[in-house]
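# Per-entry structural report
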Amino acid sequence: MAFTDPCVITCAINGPIATKKDHPGLPTEPEEVAAVAAAAHKEGAAVIHTHVRDKEGKPTVDKGRVKAYFEAIHEAAPGCLLQLSTGGIEPTYADRAAQVELLPRMASLNPATMTFGMAEFRNPPKEMRVLAARMKELGVKPELEIYDYGHIDLMMQLVKEGLLEEPLSCSLVLGVMGGAAATPANLVAMVNLLPPGANWQIIAIGRFNLQLTTMGIAMGGNARTGLEDTLLLRKGVLGDNAALTKRLVGICKAMEREVATPAQAAASLKLPELRRDLARP
Ligand code: KMH
Ligand code: ZN
């Protein structure tokens, strides 16, 4: 990736962990998710990453609910690229994985099991390989979430096994308790370990979100923001998805980096042909 490439901005609008008690604006109902996605898309997010919640706000893999989210987002923000999470702590791995049968354009793929704050984030090696193989078969682009150095080796092992196709789309997630810390040294070292031609974005969790994301943009990477990554715009001030997206767009502009349109993002991430996007067979 080059500094001259347009920056693909993803907004991760809700995540699987925060609740409305943590942030009253956290979108969980399909209409809320759609409104927030449209606002973030309008500010410049080409990609919307979402976790699906039930009526009580708890993570769910209910197919009807997943479809309702995607139909609502397509309606409110036509053109934006949708990325469905197969992550999360609560549903079983098999249930999380089954969501790709609904044919999102992209979905997360987490190569490794790890401690995630006080939780266990389970991605068992055999089941994870079954999911990778199925995504390849269905033409669902994996967004590979890399939380630590060894996850890069594991990802390359999957390439060797023929389960992942290059160019890879890697998310370097820094700042999770249980993964690599959000430091400039870790970001630079991990970028240098990626294979030539890989696309990467920085995901910086919590306190150092702004600084590390800015650094990723300055390095020519893509960038993610949104309430999944940080609930705050700055110390003591709650953020929202549109405001967080607008801030990243401002940083790109200040550095004279173009912000990618969805079409530019789809081309640079080498997304498979749009054959059967979710809710749009
Ligand atoms: N928030 C975490 C449990 C993903 O979207 O695939 C990580 C996660 C990643 O769920
Ligand atoms: Zn996620």
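Here the structure is a predicted model, which means the values were calculated and not measured.

## Observations regarding the pairing of strand S2 (residues 47–50)
Residue alternation in S2 divides its side chains into two sets, Val47 and His49 and Ile48 and Thr50, and both sets are buried. Two elements, strand S1 (residues 9–12) and S2, share three bridges in a ladder whose sense is parallel. Along S2, the bridge assignment pairs Ala12 with His49. Crossover S1 to S2 through helix H1 (residues 30–43) is right-handed. Across four bridges, S2 lies against strand S3 (residues 81–84) in parallel orientation. Bridging from a neighbouring strand, Val47 pairs with Leu81 of S3. Note that the unit made of S2, helix H2 (residues 63–76) and S3 has a crossover that is right-handed.

## Here's the deal with the coordination of the zinc ion (ligand 2)
Around the zinc ion (ligand 2), the donor atoms from the protein are His49 (NE2), His51 (NE2), Glu228 (OE) and Glu228 (OE), and they sit 2.0 to 2.6 Å away. Judged by relative accessible area, Glu228 falls into the partly exposed class, the value being 21%.

## Describing the nonpolar core
Among the nonpolar cores identified, the biggest contains 63 residues, and Ile48, Leu109 and Met155 are the most heavily contacted of them. In terms of nonpolar packing, the next biggest core, distinct from the first, is built from ten residues, Val8, Val47, Ala260 and Leu271 among them.

## Overview of the site of ligand 1
In the region of ligand 1, 14 residues are neighbours, and His51, Ser85, Gly88, Ser108 and Asn110 sit closest. Separating an oxygen atom of ligand 1 from a side-chain N or O atom of His51 is a distance of 3.0 Å. A distance of 2.8 Å separates an oxygen atom of ligand 1 from a polar side-chain atom of Asn110. Protein contact buries 97% of the 300 Å² of open area that ligand 1 shows by itself. Looking at the shell around ligand 1, its residues break down into five nonpolar, seven polar and two charged.

## Some details on the side chain of Thr28
Structurally, Thr28 is set in the loop between S1 and H1. What Thr28 contacts, discounting residues up to four positions off in sequence, is Lys20, Val33, Arg53, Gly57, Arg65 and Tyr69.

Each value, and the rule that gives it
Residues numbered from 1 in each chain as written. Chains lettered and ligands numbered in written order. Predicted model: local features only at pLDDT ≥ 70, side-chain atom pairs only at ≥ 80, totals over all residues. Heavy atoms only, no water. Buried < 20%, exposed > 50% of the residue type's maximum accessible area, 1.4 Å probe, protein only. Helix = DSSP H or I, 4+ residues; strand = E, 2+ residues; numbered from the N terminus. Pairing = 2+ DSSP bridges. Right-handed = clockwise from strand over helix to strand, strands pointing away. Donors = N, O, S within 2.8 Å, 3.2 Å for Na, K, Ca; no water. Core = buried A, V, L, I, M, F, W, Y, C linked by side-chain atoms within 4.5 Å. Near = heavy atom within 4 Å. Polar contact = N/O pair within 3.5 Å; in protein donor to acceptor, adjacent residues only side chain to side chain. Areas by Shrake-Rupley, 256 points an atom, 1.4 Å probe, with all protein chains shown as cover. Nonpolar A, V, L, I, M, F, W, Y, C, P; charged D, E, K, R; others polar. Contact = heavy atoms within 4.5 Å.

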